[in-house]
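Commentary on secondary and tertiary structure
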Amino acid sequence: MSRKPLLVALALLAAAAGGGVLIARDAVRSATLVAPPATSIVYDRNGAFLTQIGNVSRGDGRVDYGYWPLAQIPERVARATLILEDRRFSAHPGVDPRAVLRAVWNNLISGRRIEGASTIAMQVARMQAPAPRSLLNKVREAAAAVAIVAANGHEATLAHYLRLAPYGLGSHGIAHAARFYFDKPVDDLSWAQVALLAAIPQSPGRMNVTRESGLRLAVTRARYAISQLEREGALDTAQAEMARRELAAMRPLTAKRRPETLHLALRYERLAREGRVRAASPDDPRIHATIDLAIERDAAQLARRYLSIFRNAGARQVAVMVAERGSNAVIADVGSADYDDPRAGAFDFTRVARSPGSTLKPFIYALALERGALKPTDLLDDIPEGASGVANADGLYLGPMTARQALANSRNVPATNLLRRVGLEANFDFFHELGLHNLDAPAERFGVSMAIGALPTRLEDLMRAYAALADDGVMNGLSFARDELKPPPRRVMSVDAARLVTSFLADPQARLPSFPRYGPLEYPFAVAVKTGTSQNYRDAWTLAFSRDYIVGVWLGRGDASGMRALAGANSAARLAHAVMTRLHGARPGDIARDAFAPPPGRIAVDLCRADAGAACAQTLREWVKPEDLAAAPATAAAHVEDAAGESAALVIATPEHNMHVWRNPEQPEGLNRLALKLAGSAGAAQIVWIVDGAPFAVAQGDETVFWPMTPGAHRIQARLALAPVSSRPVRVTVE
């Protein structure tokens, strides 16, 4: 024998030995069980599917979902999986020699590859380290499989397979698949459902159970699994027959789809990646959102409807947010009219900084009240002198007015003067404390124009600040999920300042003359509302809160160009009104006896101008401290009420105070009548209606009384017949 063949043979043996050593070393390294992080499914507050947050592959950009761990393997899942994937799982060390020999023989007989011999452990090895199919890689998988079972045991290996296995449509792991397809925990799956899922990993693409063809393939394999399990005694004849009937009745499963407002899904993905919203537990990676998809759909539909009305005036985009008052749980979050809209629809306008117009004014007044620089009885000048070049939006000046009137009328001049009085830096810092900006810039950069829109902010920041105003001055942030990391609540303004500003914003009488009665700023229940319009009508805003909800609306254009005379009060306010009344279920004609809590330690007085004389044709309700009453620049009407509101047990709903009505001379005399009705209901209590100081009628508390109108000025009041309780008198002028 020559030396050359011998050397070749020795070299081959050495290479084989070396290769074996390398394969063995790789196998030992592969023995550790690894899995991608578990991904979350997000559900709305009622359990409806909202979105999934997936793992994005760095290589090909593929998005995968699932990988939920199993705290314990349900027996049904283990049996159905092993009957299809690895019958002798417990009897071999990770590689099944019988299966290998059977596969080799069958493939040789058929002349092509018709059968594989991959065990559960080999599939785990392949899923942990994917590689092209080849004989060498098959050997590596086998070696890794033996190492995995030796290092971790059979049960842990099976549990890991059930965490990694693909179940179609990007779903990995049977626990995730159970939630994704059947919306139930894996422990609650029936035999038919378990068998169907166990069938899918063999060919997830072909067995797409949301399609008829894929479902048929999966059901066929599931029926085979049920038959084999029945033969082995895992389930009796009755159970097997029930499973077959359930499989036969199955129709293609509904694929889970994101809501139309894609911005909502992207928000939760961002919140999850930032760690701000969390899953319920490591074994249950679901996120329970505060969103109510039914309300979300209603808000989106209303937003599109009103945007279509305003398109002719140049509006192109809209955003709406709704939160529950108290918890600050966000129940609707509409980022744009349509994500696919080429006119900047992909922007989430709840998160885009825009000019806020006059929406920051309530906080200027709150800070002034807080610092003692303003009292509710102070008069503020709405005059051109000293206005520093600032003008009102309507080009008019209304002269001296109370703080309530100045804010309710959204006058620019009093607001900028008040901001200057308290200080630029103090207001700038207060806006930062409220989360309205995060700018590292001097306050002088924005100047007094901060009061009228120079300081950019976002709708979600305004929602948070107005929630603090509604929550008696406590900043608690917005909630987007049941399990959420939030900073602790903190007080940003006193209860007194918050409630006073709320009363300013909720007073429809104080809005006159800038905003007429019965427009979109007035509701059939108590609502504090503020509008804003940026320069050249680039942005229209409305923020409103009732006892139950906070609503924020923005309307504008993605390119920040101007609209045509679309102000907050005639556009965004209409949409906010529609959303708020839909939330409350209010119907036309409804009037609720409703009011915000008064500031503690103050008394309510009806003020009129000092030069009005004894008649005082028009009064304005104000909350003042007793020690400030004597210094008020107006005279108090006879009616005084403390913060408990006891003397206001009766409230006249109609007619309204200072109403002006005209008799119709063409109508019969008997039809010229005015309805007298109380707000809410006084139940079975007897009410005496007093007109011009004389009793007119006795009626039940929930009864409507009709008074024949006579020309002139009249004073109408309601009193309890058997108790010293009366309503606030209302004045009516009949022409």
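Above this note sits the structure.
The structure displayed is predicted, hence computed values, not measured ones.

1. Things to note about the overall build of the chain
Within the chain one finds 19 helices and 26 strands. Buried residues in the chain amount to 50% of all 735 residues. Taking the contacts inside the chain whose residues are at least 6 apart along the sequence as the reference set, 67% of them involve residues at least 24 apart. For the chain, the accessible area works out to roughly 33500 Å², and carbon and sulfur atoms hold 54% of it.

2. Thoughts on the nonpolar core
One finds Tyr 268, Phe 363, Tyr 365, Leu 434, Leu 469 and Met 493 to be the most contacted residues of the largest nonpolar core, which totals 80 residues. Ranked by residues supplied to this core, first place goes to helix α17 (residues 459-470) with 9 residues. Beyond its immediate stretch of four places on either side in the chain, Met 493 contacts Phe 363, Ala 366, Glu 370, Phe 430, Leu 434, Leu 469, Asp 472, Gly 473 and Ala 498. If you look at the next biggest cluster of nonpolar residues, it comprises 58 residues, including Ala 144, Leu 158, Ala 222 and Met 250.

3. What about the sheet that holds strand β14 (residues 539-545)?
What the 5 strands build is an open sheet, ordered β8-β7-β15-β14-β13; its pairing is antiparallel. For this open sheet the edge positions go to β8 (330-334) and β13 (528-533), each flanked by a neighbour on one side alone. Averaged over neighbouring strand pairs, the angle between their axes works out to 5 degrees when direction is ignored. Lying over the sheet, α17 contacts β7 (317-324), β13, β14 and β15 (549-556), oriented at roughly 30 degrees with respect to β14.

4. Re the packing of helix α13 (residues 361-371) against helix α16 (residues 424-433)
At their nearest, the axes of α13 and α16 sit 10 Å apart, and the two run at 115 degrees to each other. Between α13 and α16, the crossing angle belongs to the class labelled roughly perpendicular. Judged by the twist between their axes, the crossing of α13 over α16 is right-handed. Contacts between α13 and α16 involve Phe 363, Ile 364, Leu 367 and Arg 371 on the former and, on the latter, Ala 426, Asn 427, Phe 430 and Phe 431. For the contact of α13 with α16, the class distribution of residues is 6 nonpolar, 1 polar and 1 charged.

What counts and how
Numbering of residues begins from 1 in every chain and follows the order in which that chain's sequence is written. Local features in this predicted model are restricted to residues of pLDDT 70 or higher, and side-chain atom pairs are both shown and tallied only at a pLDDT of 80 or more, whereas totals for entire chains, interfaces and linings draw on every residue. Each side-chain value is derived from all of the structure's non-hydrogen atoms; neither hydrogens nor water enter the calculation. Numbering of helices and strands runs from the N terminus, with a helix taken as a DSSP run of H or I at least four residues long and a strand as a DSSP run of E at least two residues long. Burial classes follow relative accessibility: with a 1.4 Å probe on protein chains only, a residue under 20% of its type's maximum area counts as buried, one over 50% as exposed, and anything between as partly exposed. Note on contacts: a residue pair is in contact if any heavy atoms of the two residues lie within 4.5 Å. Computed with the Shrake-Rupley method and a 1.4 Å probe, the accessible areas treat only the protein chains shown as cover for residues. Here, the term nonpolar core denotes a set of buried Ala, Val, Leu, Ile, Met, Phe, Trp, Tyr and Cys residues that are joined through side-chain atoms within 4.5 Å. When DSSP locates at least two bridges between a pair of strands, those strands are taken to pair. Every axis corresponds to a line fitted to the C-alpha atoms, with the helix fit spanning only the stretch in contact, and the corresponding angles, defined between N-to-C directions, vary from 0 to 180 degrees. Working definition: roughly parallel below 35 degrees, roughly antiparallel above 145 degrees, roughly perpendicular at 65 to 115 degrees, and oblique for all remaining angles. Here a crossing is taken to be left-handed if its near helix is turned anticlockwise relative to the far helix by less than a right angle, and right-handed if that turn runs clockwise. Polar here means any residue other than Ala, Val, Leu, Ile, Met, Phe, Trp, Tyr, Cys and Pro, which are nonpolar, and Asp, Glu, Lys and Arg, which are charged; Gly is therefore polar.

In short, geometric facts, not functional conclusions.
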